Amino acid sequence: MFKQYLNKEKYYGFSYGLNLKSVKRSVDSNQIATKIFVKPNSNEYAPNGSCTIAEASDNPTGGELFFYNFDYYINNGMLDKDTVTKDVFLGLYPKIRSLNYQAKAFNQKIVSYS
């Protein structure tokens, strides 16, 4: 509800223009992915004073601060759970993990040279 009472405006929502009869909304989710970022936080019990999912051994990306969550699309029948699981966990995450390990190895070489 954008207006609780007739002609009583609230601080949120919208009002129709003079000749506007309706508003139509369309959603194209072909290019949408849900990406959840988890910021590192300070933690006195962590070995280096910071706690982050990037360093977690169970992180399927091997070093990123995010993970994907397609539950909304699966629950609304827009995506098939088995296909998403196969594509993300057997395709996308292993590629990201491999690239992150290559980048870490490269960074370690650079540090050793300096």
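In case you missed it, the structure is sitting above this.
1. Quick look at the overall build of the protein chain
Phase 1: For the protein chain, the helix and strand inventory stands at two helices and four strands.
Phase 2: From first element to last, N terminus to C terminus, the protein chain shows the α and β order β-β-β-β-α-α.
Phase 3: Contacts in the protein chain between residues at least 24 apart in sequence constitute 51% of all its contacts with a sequence separation of at least 6.
Phase 4: In the structure as shown, the protein chain presents an accessible area of about 10,100 Å², 54% of it carried by carbon and sulfur atoms.

2. Describing helix 2 (residues 81-113)
Helical geometry note: an α-helix holds 3.6 residues per turn, so side chains three or four residues apart project in the same direction.
Phase 1: In this model, helix 2 (33 residues) spans 46 Å end to end at C-alpha, consistent with the 48 Å of a helix rising 1.5 Å per residue.
Phase 2: The sharpest bend along helix 2 measures roughly 30 degrees and falls at Val88.
Phase 3: Listed in full, the buried residues belonging to helix 2 are Val84, Val88, Tyr93, Ile96 and Asn100.
Phase 4: Its buried side turned inward, helix 2 meets strand 4 (66-68) and helix 1 (71-75).

3. Some thoughts on the nonpolar core
Phase 1: Counting five residues, the largest nonpolar core is built from Phe70, Tyr73, Val84, Val88 and Tyr93.
Phase 2: Counting residues per element, this core draws most heavily on helix 2, which supplies three residues.
Phase 3: Those residues in contact with Val88, other than ones at most four positions away along the chain, are Phe70, Tyr93 and Pro94.

4. Observations regarding the environment of Arg97
Phase 1: Residue placement: Arg97 occurs in helix 2.
Phase 2: The class of Arg97 is partly exposed, set by a relative accessible area of 23%.
Phase 3: Considered as a pair, Arg97 and Gly62 are 35 residues apart in the sequence and their alpha carbons are 4.7 Å apart.
Phase 4: Among residues more than four places away in sequence, those in contact with Arg97 are Ser57, Asn59, Pro60, Thr61 and Gly62.

5. Comments concerning the side chain of Asn100
Phase 1: On the secondary structure map, Asn100 appears in helix 2.
Phase 2: Excluding residues that lie within four positions of it along the chain, Asn100 makes contacts with Thr61, Gly62, Gly63 and Glu64.

6. Overview of a nonpolar patch on the surface
Phase 1: Judged by side-chain polarity, Tyr72, Met78 and Leu79 come together as a nonpolar surface patch covering roughly 300 Å² of accessible area.
Phase 2: With respect to the element layout, Met78 can be found in the loop between helix 1 and helix 2.
Phase 3: According to the relative accessible area criterion, Met78 is partly exposed, its value standing at 41%.

7. Quick notes on the packing of aromatic side chains
Phase 1: Counted by the stated rule, this structure contains six aromatic pairs.
Phase 2: Summarising the aromatic geometry, the rings of Tyr72 and Tyr73 are spaced 5.3 Å apart at their centres and angled 85 degrees between planes, so their arrangement reads as edge-to-face.
Phase 3: The exposure class assigned to Tyr72 is exposed, which follows from its relative accessible area of 53%.
Phase 4: Judged by relative accessible area, which is 8%, Tyr73 ranks as buried.
Phase 5: Among the aromatic residues, ring-to-ring pairing joins Phe37, Phe66, Tyr68, Phe70, Phe89 and Tyr93 into one connected group.
Phase 6: Above the plane of the ring of Phe66 lies Lys35, whose end atom (NZ or CZ) is 4.2 Å from the centre.

Cut-offs applied
- Residues numbered from 1 in each chain as written.
- Predicted model: local features only at pLDDT ≥ 70, side-chain atom pairs only at ≥ 80, totals over all residues.
- Heavy atoms only, no water.
- Helix = DSSP H or I, 4+ residues; strand = E, 2+ residues; numbered from the N terminus.
- Contact = heavy atoms within 4.5 Å.
- Areas by Shrake-Rupley, 256 points an atom, 1.4 Å probe, with all protein chains shown as cover.
- Expected span 1.5 Å × (residues − 1).
- Bend = angle between axes of the 7 residues up to and from the residue.
- Buried < 20%, exposed > 50% of the residue type's maximum accessible area, 1.4 Å probe, protein only.
- Core = buried A, V, L, I, M, F, W, Y, C linked by side-chain atoms within 4.5 Å.
- Patch = residues over 30% accessible without salt bridge, like charges linked within 9 Å, V, L, I, M, F, W, Y side chains within 5 Å.
- Salt bridge = Lys/Arg side-chain N within 4 Å of Asp/Glu carboxyl O.
- Phe/Tyr/Trp six-rings, centres within 6.5 Å; stacked < 30°, edge-to-face > 60°.
- Lys NZ or Arg CZ within 6 Å of the ring centre and 35° of its normal.

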